[in-house]
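Architecture and fold: a report
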Amino acid sequence: MKIIRPDVVYLNGRIYTMVAEGEMVEAIAVLNGKIVFTGTTEDARALDGKKVVDLEGKTVIPGFTDTHLHLMMDCEERLKVNLLNASSIDEVIALMKEKADMEPQENGWLMGATLHVEKLKEERFPNRYELDRISETRPIVITSYCHHTAMVNSKALELAGIGKGFQPETEGTIDVDEDGEPNGIIRETAYGLYLEPLMDVDLSSNEFRKEILQKQAKTYSSMGITTFQTYSALGDEMAEYLYTYQELEEEGKLPFRIIVNSAAELPKSVGLVSRIGTDKVKYGAKKIFSDGSLNSRSAALIEPYSDAPEEKGILYYTQEELTAQIREAYEYGMEVSIHTIGDQSMEMVLNGIEQTLAEVKPKRKTRFRIIHAMVVNEAQIERMKKLPIILDTQPVFLRNWGAALFDRVGEERAQLFIPLRRYLDEGLLVTAGSDAPVEDVAPLIGIQCAVTRQDLNGKPEGGLIPQQRISVYEAVCLFTKNAAYCTNEEHLKGTLENGKLGDFIVLDEDIFKVNVKDIHNIRILKTVLGGEEVFSCNG
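Read on for a plain summary of the structure. Computed from a predicted structure; not experimentally measured.

With respect to the overall build of the protein chain
Counting its secondary structure elements, the protein chain contains 16 helices and 24 strands. A compact globule built from 539 residues should have a C-alpha radius of gyration of about 24 Å, and the protein chain, at 24 Å, falls within 12% of that. For the protein chain, the C-alpha atoms occupy an extent of roughly 85 × 55 × 55 Å along the three principal directions. By the burial criterion, 60% of the 539 residues in the protein chain qualify as buried. Summarising the internal contacts of the protein chain: among those between residues at least 6 apart in sequence, 73% fall at separations of at least 24. Working note: accessible area of the protein chain is about 21500 Å², and carbon and sulfur atoms make up 47% of it. Where the 60 positive side-chain charges of the protein chain centre and where its 86 negative ones centre are 5 Å apart.

Some remarks on the nonpolar core
Counting 105 residues, the largest nonpolar core has L213, Y245, L294 and F417 as the members making the most contacts within it. Examining the composition of this core, we find that 7 residues originate from one element, helix 15 (residues 472–479), more than from any other. Formed by 19 residues, the second largest nonpolar core is a distinct cluster that contains V81, A86, I93 and L131.

Quick notes on the pattern of salt bridges
What the rule picks out here adds up to 35 salt bridges. With a closest N to O distance of 3.0 Å, R367 and E490 form a salt bridge. Of the two residues, R367 is situated in the loop between helix 10 (343–359) and strand 19 (368–372) and E490 in the loop between helix 16 (481–485) and strand 22 (504–507); the sequence distance between them amounts to 123 residues. A salt bridge links R369 to D392; the shortest N-O distance between them is 2.7 Å. Taken together, the residues R369 in strand 19 and D392 in strand 20 (residues 389–393) connect sequence positions 23 residues apart. Judged by relative accessible area, R369 falls into the buried class, the value being 2%. Of the residues examined, D392 reaches a relative accessible area of 0% and is grouped as buried.

Some remarks on the sheet that holds strand 4 (residues 27–31)
In space, the 4 strands of this open sheet follow the order 5-4-1-6, with mixed pairing throughout. Looking along the sheet, the strands with just one partner apiece sit at the ends: strand 5 (34–39) and strand 6 (52–54). Averaged over neighbouring strand pairs, the angle between their axes works out to 15° when direction is ignored. Of the strand pairs in this sheet, strand 1 (residues 8–11) and strand 6 are connected by 3 bridges, and their pairing is parallel. Its bridge partner being in strand 6, V9 is matched across the sheet by V52.

With respect to the environment of A299
Secondary-structure assignment places A299 in the loop between strand 17 (281–289) and helix 9 (319–332). The exposure class assigned to A299 is buried, which follows from its relative accessible area of 0%. Taking the C-alpha atoms as reference, A299 lies 19 Å from R399; in sequence the two are 100 residues apart. Discounting residues that sit within four places of it in the chain, A299 has contacts with D291, G292, S293, L294, Y305, K312, G313, I314, I341 and G342.

As for unusual backbone geometry
Cis geometry is adopted by the peptide bond preceding P437, which originates at A436 and carries an omega value of 10°. Residue placement: P437 occurs in the loop between strand 21 (429–432) and helix 14 (443–452). Here K459 and P460 are connected by a cis peptide whose omega angle stands at -5°. In this fold, P460 is placed in the loop between helix 14 and helix 15. Of note in the backbone geometry, R275 takes a positive phi value of approximately 85° without being a glycine. By the secondary structure assignment, R275 is in the loop between strand 16 (257–262) and strand 17. Positive phi outside glycine occurs at H372, with the angle close to 90°. For H372, the location among the structural elements is in strand 19.

Quick notes on the state of the cysteines
With the rule as written, the count across this model stands at 0 disulfides. Note on C477: no disulfide assigned, nearest cysteine sulfur contributed by C486 at a separation of 13 Å.

Some thoughts on the pairing of strand 17
Consecutive side chains along a regular strand alternate between the two faces of the sheet. Counted residue by residue, strand 17 has 9 buried out of 9 residues, so it is predominantly covered. Where strand 16 and strand 17 come together, 4 bridges link them in parallel fashion. Counted as the bridge partner of I259 is K282 from strand 17. Pairing of strand 17 with strand 18 (residues 336–340), which is carried by 4 bridges, proceeds in the parallel orientation. In the strand pairing of strand 18, I288 is matched with I338. Regarding the hand of the β-α-β motif, the stretch spanning strand 17, helix 9 and strand 18 is right-handed.

The rules behind the values
Residues numbered from 1 in each chain as written. Predicted model: local features only at pLDDT ≥ 70, side-chain atom pairs only at ≥ 80, totals over all residues. Heavy atoms only, no water. Helix = DSSP H or I, 4+ residues; strand = E, 2+ residues; numbered from the N terminus. Rg over C-alpha atoms; globule rule 2.2 N^0.38 Å. Buried < 20%, exposed > 50% of the residue type's maximum accessible area, 1.4 Å probe, protein only. Contact = heavy atoms within 4.5 Å. Areas by Shrake-Rupley, 256 points an atom, 1.4 Å probe, with all protein chains shown as cover. Lys, Arg positive; Asp, Glu negative; His and termini not counted. Charge placed at Lys NZ, Arg CZ, Asp CG, Glu CD. Core = buried A, V, L, I, M, F, W, Y, C linked by side-chain atoms within 4.5 Å. Salt bridge = Lys/Arg side-chain N within 4 Å of Asp/Glu carboxyl O. Pairing = 2+ DSSP bridges. Axes fitted to C-alpha atoms, helices over the stretch in contact; angles between N-to-C directions. Disulfide = S-S within 2.5 Å. Right-handed = clockwise from strand over helix to strand, strands pointing away.

No statement about biological role is implied by the geometric values presented.
This is how it looks when you write it as structure tokens:
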């Protein structure tokens with residue numbers, strides 16, 4: 001039998017297949033984008049590969065998948081003032097003024113992003129009058145760390161037509177002062193309805209989207225990411241993202257794989273359904289929003305917030321409406337992904353899934369994905385075990401909660417805050433992503449947070465709810481083989497086995513042996529997609 005020469009052979013490495021904990025081989029060979037050999041260096045040399053790469057003893061693991069982020073938003077966010085580390089409103093104003101002084105006013109809106117209210121000494125968002133100190137003539141908008149709250153100045157309110165007596169479509173989404181005047185704090189859907197249409201930096205141009213993605217592509221590849229499961233936001237159209245990525249693929253300018261998930265209406269008229277596409281770009285899940293965020297107290301809780309006894313959060317739908325959305329997507333044959341942060345939201349989502357499974361016979365096998373799953377209770381975990389669900393978590397969120405978590409939800413509820421250990425022990429399928437631009441997209445940071453439950457400075461001491469820590473192997477699984485399963489691609493990626501895509505990364509240190517507090521410092525030496533290097537730290 002004629003042996004076909006592999007396109008490339010990588011040998012002399014410490015290659016963790018991730019099939020089982022600790023399983024390693026020395027060499028791997030790729031032909032036509034897929035793995036055709038794993039084994040010893042000696043046997044690999046005999047394959048006579050067209051190209052041979054000596055790994056020089058370096059560690060190799062499968063490429064990372066981010067199972068939940070907003071990729072185009074993250075690219076766009078990098079054009080704004082990063083306020084994540086601001087510690088006071090005065091510092092916010094100073095950073096924004098610095099940007100304003102660098103840009104002429106005719107550039108339009110002045111934008112800031114990722115403001116974390118828990119880090120501000122005032123423990124509140126800046127209002128319109130404080131932002132007016134930056135400029136009274138140029139519209140200003142700052143989005144919060146969680147992206148569920150925006151702060152604007154008086155000029156922005158004027159342009160949006162938001163004044164005293166304004167009635168938003170959803171009650172409670174525009175804050176007012178004692179006199180009934182909007183104070184510049186805009187929440188949830190109101191931002192997209194009244195402010196985004198006015199922005200002069202947006203994603204409406206296909207060429208603009210392609211340009212900003214290409215500018216950031218090397219940065220993403222340098223983080224070891226080989227697949228993005230990207231989500232549109234409320235009301236965004238699915239098609240614009242899909243064809244943007246398809247065009248880049250056709251032009252040979254897409255150094256990672258893309259799965260596009262959308263909150264848009266189901267595209268029944270053209271028969272577009274989950275998994276349609278190529279190994280490089282395909283359509284994913286229908287996204288449904290159930291509640292808001294914990295940072296802005298809009299996540300829906302069964303009992304009131306501990307630090308705001310009058311508040312329980314926001315629900316986007318009634319139980320009947322939510323169930324109908326889940327049912328429609330499932331019956332059509334779509335994967336279903338539901339944004340769920342609070343335990344009241346989780347209660348309704350589980351009700352909807354249970355009722356749908358009891359009443360609907362789907363056209364094809366699909367899976368339910370619950371995005372975030374941050375605040376849950378014991379009874380809900382028991383219900384989850386009986387359902388075909390996947391939990392898409394973001395361990396990187398853990399670094400931004402310390403004492404503030406206990407203030408926000410109380411000691412008892414905090415015990416099951418992003419409870420990764422409990423989820424895994426109960427046999428639930430868990431994946432991980434970043435929710436970028438809400439958080440840093442780098443998977444190594446997310447892995448370290450899952451293992452230590454601390455920020456990168458080792459706080460809080462001992463970790464946040466330390467009994468919920470998981471092992472390094474388990475954390476890497478969240479970003480590799482578990483991530484592949486959630487999109488029905490477990491046969492295609494996530495582990496390094498014959499017949500699977502040749503997507504892997506080369507590390508300068510062994511991630512399973514390095515001090516866990518140094519995981520985020522590991523360097524990605526190479527990122528390989530389908531056997532071809534798309535990133536090299538030397539190139």
